[in-house]
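Each chain is listed here by its residues.
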Amino acid sequence: MSRNYSTLAYEATGVGANGKLFVAGNPHHTIQVDFTNTGGSVTALTVDLEGNLTGNDNYFAQYGTHAFTAGELTAKSAIFHITNRPAGCIRSNITTLTATGTTKINVYYLEGRG
């Protein structure tokens, strides 16, 4: 299996969709999300992976979602996988962020072809 590590090219500080990345029909996706927090804490973080086949900005379907566990919040990092969902284009969407202080979130993407 070839692997291509890519960042979704953004650092987020709140909820919203960001980081469109073209992935050429890949059906297997691994996402790592790391965050830092200064002057407070993070008590909830949920990240969706959304995709479509054409790269059209007008429509993205939810491919998967991941709510950080207590352990992942303590570690400030999580990895999750989505399989059998072909996509031409993907993006991440931070749907929940409950935090005090300043939080910065980085999303990384690993493309795997079987």
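None of the values given here were measured: they were computed from a predicted structure.

Draft legend 1. Inspection of the overall build of the protein at higher detail. When its secondary structure is counted, the protein shows one helix and eight strands. When its helices and strands are written in sequence order, the protein yields β-β-β-β-β-α-β-β-β. In the protein, which comprises 114 residues, the share counted as buried stands at 43%. Put simply, of all contacts in the protein between residues at least 6 apart along the chain, 79% involve residues at least 24 apart.

Draft legend 2. Spotlight on the nonpolar core. In this structure, Ile31, Val33, Phe35, Leu45, Phe68, Ile90 and Ile105 are the most contacted members of the largest nonpolar core, which totals 23 residues. Looking at this core, the elements that each hand over two or more residues are β2 (16-26), β3 (28-38), β4 (42-52), β5 (61-67), β6 (77-82), β7 (87-99) and β8 (102-113). The element contributing the most residues to this core is β4, with four residues. For phenylalanine 35, the residues in contact, after removing those within four places along its chain, are Val42, Leu45, Phe68, Glu72, Leu73, Lys76, Thr103, Lys104 and Ile105.

Draft legend 3. A look at the pairing of β7. Bridging between β2 and β7 involves six bridges; their strand directions are antiparallel. Paired with phenylalanine 22 across the two strands is cysteine 89, which belongs to β7. Strand direction decides the pairing type here: β4 and β7, joined by 10 bridges, are antiparallel. Of the residues in β7, the one forming a bridge with asparagine 52 is cysteine 89.

Draft legend 4. Expanded view of the sheet that holds β5. Strands sit in the order β2-β7-β4-β5 across an open sheet of four strands; the sheet is antiparallel. At either margin of the open sheet sits one strand with a lone partner, and together these are β2 and β5. Within the sheet, the average angular offset between the axes of one strand and its neighbour, ignoring direction, is 20 degrees.

Draft legend 5. Expanded view of the environment of valine 107. Note that valine 107 resides in strand β8. The spatial distance from the C-alpha of valine 107 to the C-alpha of glycine 19 is 8.5 Å, given a sequence separation of 88 residues.

Draft legend 6. View of unusual backbone geometry. The phi torsion at lysine 76 lies on the positive side, around 60 degrees, for a residue other than glycine. Residue placement: lysine 76 occurs in the loop between α1 (70-75) and β6.

Draft legend 7. Up close: the packing of aromatic side chains. For the structure shown, the criterion picks out one aromatic pair. Over the aromatic face of tyrosine 63 sits the side chain of arginine 85, whose NZ or CZ is 4.3 Å from the ring centroid.

Draft legend 8. Inspection of the side chain of asparagine 52 at higher detail. With respect to the secondary-structure elements, asparagine 52 resides in strand β4. Residue classification places asparagine 52 among the buried positions, given a relative accessible area of 6%. Those residues in contact with asparagine 52 that sit more than four places away from it in its chain are Tyr59, Phe60, Tyr63, Ala87, Gly88 and Cys89.

Draft legend 9. Seen up close, the environment of lysine 104. Tracing the backbone through its elements, the reader meets lysine 104 in strand β8. Taking relative accessible area as the criterion, lysine 104 reaches 37% and is therefore assigned partly exposed. Each C-alpha atom, one on lysine 104 and one on threonine 36, is 5.4 Å from the other, the two residues being 68 residues apart in sequence.

What counts, and at which threshold
Starting afresh in each chain, residues are numbered from 1 along the sequence in its written order. Predicted model: local features are reported for residues with pLDDT of at least 70 only, side-chain atom pairs are reported and counted for 80 or more only, and whole-chain, interface and lining totals are derived from all residues. Calculated side-chain values reflect all of the structure's heavy atoms, with hydrogen atoms and water omitted. Strands here are runs of E lasting at least two residues and helices are runs of H or I lasting at least four, both read from the DSSP assignment and numbered beginning at the N terminus. When a residue's accessible area, from a 1.4 Å probe over protein chains only, is under 20% of the maximum for its type it is buried; when over 50% it is exposed; and in between it is partly exposed. In this description, contact between two residues means that some pair of their heavy atoms is separated by no more than 4.5 Å. Only buried residues count toward a nonpolar core, which is a set of Ala, Val, Leu, Ile, Met, Phe, Trp, Tyr and Cys residues joined through side-chain atoms within 4.5 Å. Between any two strands, pairing holds if DSSP finds at least two bridges. A fitted line through C-alpha atoms serves as each axis, taken over the contacting stretch for helices, and the angle formed by two N-to-C directions is quoted from 0 to 180°. Classification of ring pairs rests on two measures: the distance between centres of Phe, Tyr or Trp rings, Trp counted by its six-membered ring, which must be within 6.5 Å, and the angle between planes, read as stacked under 30 degrees, edge-to-face over 60 and tilted in between. Put simply, a charge is over a ring when the Lys NZ or the Arg CZ is close to the ring centre, within 6 Å, and near the line of the ring normal, within 35 degrees.

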